[in-house]
Amino acid sequence: MARNPRYLPRPGAVVEITQRTIQGRFLFKPSPRLNAVVAGCFARAQENTGATVHAVAVLSNHFHLLASFESVQQMASFACHLKTNLSKEVGKLHDWSGSLFAGRYRSIPLSDEPEIQEQRLKYVLSQGVKEGLVLSPKDWPGLHCAEALVEEKPLAGVWIDRTALYAARQRGQDVSEASMTEPTELHLTPLPSLMERSKLQRRSLMEALIASIEAEALKTHQAQDSVPLGVEAILARDPHEKPRHLRRSPQPYFHASRQVFRRLMEGFREFTAAYRRAAKRLADGESAVQFPDNCFPSRLPFVEPVVF
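Residues numbered from 1 in each chain as written. Predicted model: local features only at pLDDT ≥ 70, side-chain atom pairs only at ≥ 80, totals over all residues. Heavy atoms only, no water.

**Q** Mind laying out the overall build of the protein, listing which residues take part and the relevant values?
**A** Counting secondary structure elements, the protein contains eight helices and six strands. Secondary structure elements in the protein, listed N-terminal to C-terminal, are β-α-β-β-α-β-α-α-β-α-β-α-α-α. Computed over its C-alpha atoms, the radius of gyration of the protein comes to 22 Å, within 12% of the 19 Å expected for a compact globule of 308 residues. Seen along its three principal axes, the alpha-carbon backbone of the protein occupies a region of about 70 × 65 × 45 Å. Across the 308 residues that make up the protein, the buried fraction comes to 46%. For the protein, the exposed surface amounts to about 16,900 Å²; the carbon and sulfur share of it is 52%. (Helix = DSSP H or I, 4+ residues; strand = E, 2+ residues; numbered from the N terminus. Rg over C-alpha atoms; globule rule 2.2 N^0.38 Å. Buried < 20%, exposed > 50% of the residue type's maximum accessible area, 1.4 Å probe, protein only. Areas by Shrake-Rupley, 256 points an atom, 1.4 Å probe, with all protein chains shown as cover.)

**Q** Go over the packing of aromatic side chains, please, and point to the residues and values.
**A** The geometry of two aromatic rings is summed up by the distance between their centres and the angle between their planes. Within the structure shown, the criterion is met by 12 aromatic pairs. The interplanar angle of 45° and the centroid separation of 4.9 Å between the aromatic rings of Y7 and F271 together place this pair among those described as tilted. Residue Y7 is found in the segment before β1 (13-20), and its partner F271 is found in helix α8 (residues 258-283); the two are separated by 264 residues along the sequence. Accessibility assignment for this pair places Y7 and F271 in one class, buried. Grouping aromatic residues by their ring pairs yields a cluster made of Y7, Y253, F254, F261, F268, F271, Y275 and F291. Taking the ring centre of Y123 as reference, the NZ or CZ of R120 above it sits at 4.4 Å. (Phe/Tyr/Trp six-rings, centres within 6.5 Å; stacked < 30°, edge-to-face > 60°. Lys NZ or Arg CZ within 6 Å of the ring centre and 35° of its normal.)

**Q** Talk me through the side chain of S87; I want residue IDs and the actual numbers.
**A** Locating S87 in the fold gives a position in helix α2 (residues 72-94). Classification of S87 by relative accessible area gives buried; the value is 10%. From its side chain, S87 meets the backbone nitrogen of L100 in a polar contact 3.0 Å long. Residues within four places of S87 in sequence aside, it is in contact with G98, S99, L100 and F101. (Polar contact = N/O pair within 3.5 Å; in protein donor to acceptor, adjacent residues only side chain to side chain. Contact = heavy atoms within 4.5 Å.)

**Q** Describe empty space enclosed by the protein, listing the residues and the values that go with them.
**A** In this approach, a probe sized like a water molecule rolls over the atoms, and the result shows the empty space that is left. Evaluated as defined, the whole model comprises two cavities of 30 Å³ or more. Taken as a whole, the largest cavity encloses approximately 40 Å³ of empty space. Together, I17, F63, L65, F78, A79, L82, K83 and Y105 line the largest cavity. For the lining of the largest cavity, the secondary-structure elements that each account for two or more residues are β3 (62-69) and α2. Considering each element in turn, the lining of the largest cavity owes the most residues, four residues, to α2. When its residues are assigned to classes, the lining of the largest cavity shows seven nonpolar, no polar and one charged. In this structure, the second largest cavity spans a volume of roughly 30 Å³. (1 Å grid on protein atoms, 1.4 Å probe; cavity = no way out; pocket = protein on both sides within 12 Å on 5 of 7 lines; lining within 4 Å. Points joined across faces, edges and corners; volume = space filled by probe spheres on them. Nonpolar A, V, L, I, M, F, W, Y, C, P; charged D, E, K, R; others polar.)

**Q** Let's hear about the layout of surface pockets: which residues, and what values?
**A** Computed from the structure, the largest pocket encloses a volume of approximately 1,500 Å³. Taken together, 47 residues make up the lining of the largest pocket; nearest its centre are T18, R20, R106, R247 and S249. Those elements that provide at least two residues to the lining of the largest pocket are β1, β3, β4 (106-109) and α3 (114-125). Grouping the amino acids of the lining of the largest pocket by side-chain chemistry returns 19 nonpolar, 17 polar and 11 charged. Approximately 390 Å³ is the volume attributed to the second largest pocket. Taken together, 19 residues line the second largest pocket, and the ones lying closest to its centre are R3, P5, R6, R104 and F296. Only α2 and α8 provide two or more residues apiece to the lining of the second largest pocket. Looking at which element gives the most residues to the lining of the second largest pocket, the answer is α2, with six residues. Within the lining of the second largest pocket, the residues separate by chemical class into 11 nonpolar, three polar and five charged.

**Q** Pulling in residues and values, what's your account of the pattern of salt bridges?
**A** A side chain with one charge can pair with a side chain of the opposite charge if their charged atoms come near. Scanning all chains against the criterion turns up 15 salt bridges. With a closest N to O distance of 2.8 Å, E16 and R120 form a salt bridge. Of this pair, E16 sits in strand β1 while R120 sits in helix α3, and the two are 104 residues apart along the sequence. By relative accessible area, which is 12% here, R120 ends up buried. The salt bridge partner of E207 is R203, with a shortest N-O separation of 3.3 Å. With E207 and R203 both in helix α6 (residues 199-224), this residue pair falls four residues apart, about one helical turn. Overall, the relative accessible area of 39% leaves E207 in the partly exposed class. (Salt bridge = Lys/Arg side-chain N within 4 Å of Asp/Glu carboxyl O.)

Below, the structure is given as structure tokens:
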């Protein structure tokens, strides 16, 4: 069955992106160095593509991101830049060759409804807590947006200019990696539904969401007579270890209320139908085919070479 093309309901839509490491291995196991490098990769992808990042949480074997994109091309460029550099940098830290990831990233557009956007923000904030790893989002030892969103400050990272480093060493210069490393920042922008609120109101909301996550986690642990795994156990993991079982869930087309979801699905079905028609015409040999706006056209069909 053909997979659905990437889709944005409108330019500037908020999208929730999720990507898991290959086989669910704990290759993002937190450490000060890894946290800085990962933040730097997010920051450079943001800088190079102009994407607007709202929230991010990086667990040991996956990350969640809320970001706004003007087009699917911008979203793809951001994801490509990010995943490529994460694979390079994290791979160097944990002696892993090749890609850190298996398969495509999941991208789920959000509706413009404030309650939906706040709901998904809470979901990203709850990373590390809902899995029973820590009791508060602020306790997660890896890259996490909780404190940054409360304080409305960027996440600090580093970027290693490996192109310049390679060129200098090719010229025979004795240069260190540290000399080609520069500080960088991942800037977090409030969600569109929160832009009209004051800074104090946004801070109060973030603190309330975090307090709610902590209270729900405490209630769950009390009911199950359990305790969080804890930071010490998290940091003791082998980054090449993989979990015995990986939870998999179907991907929704959108995050939206029922009424808005139906409306968004109508637009998506129209877009998909137009895309499939155009792809079919292209495969049948037509050259002047008009695809819907804001998509990646299909590849041209293979043509046998002419032998003289």
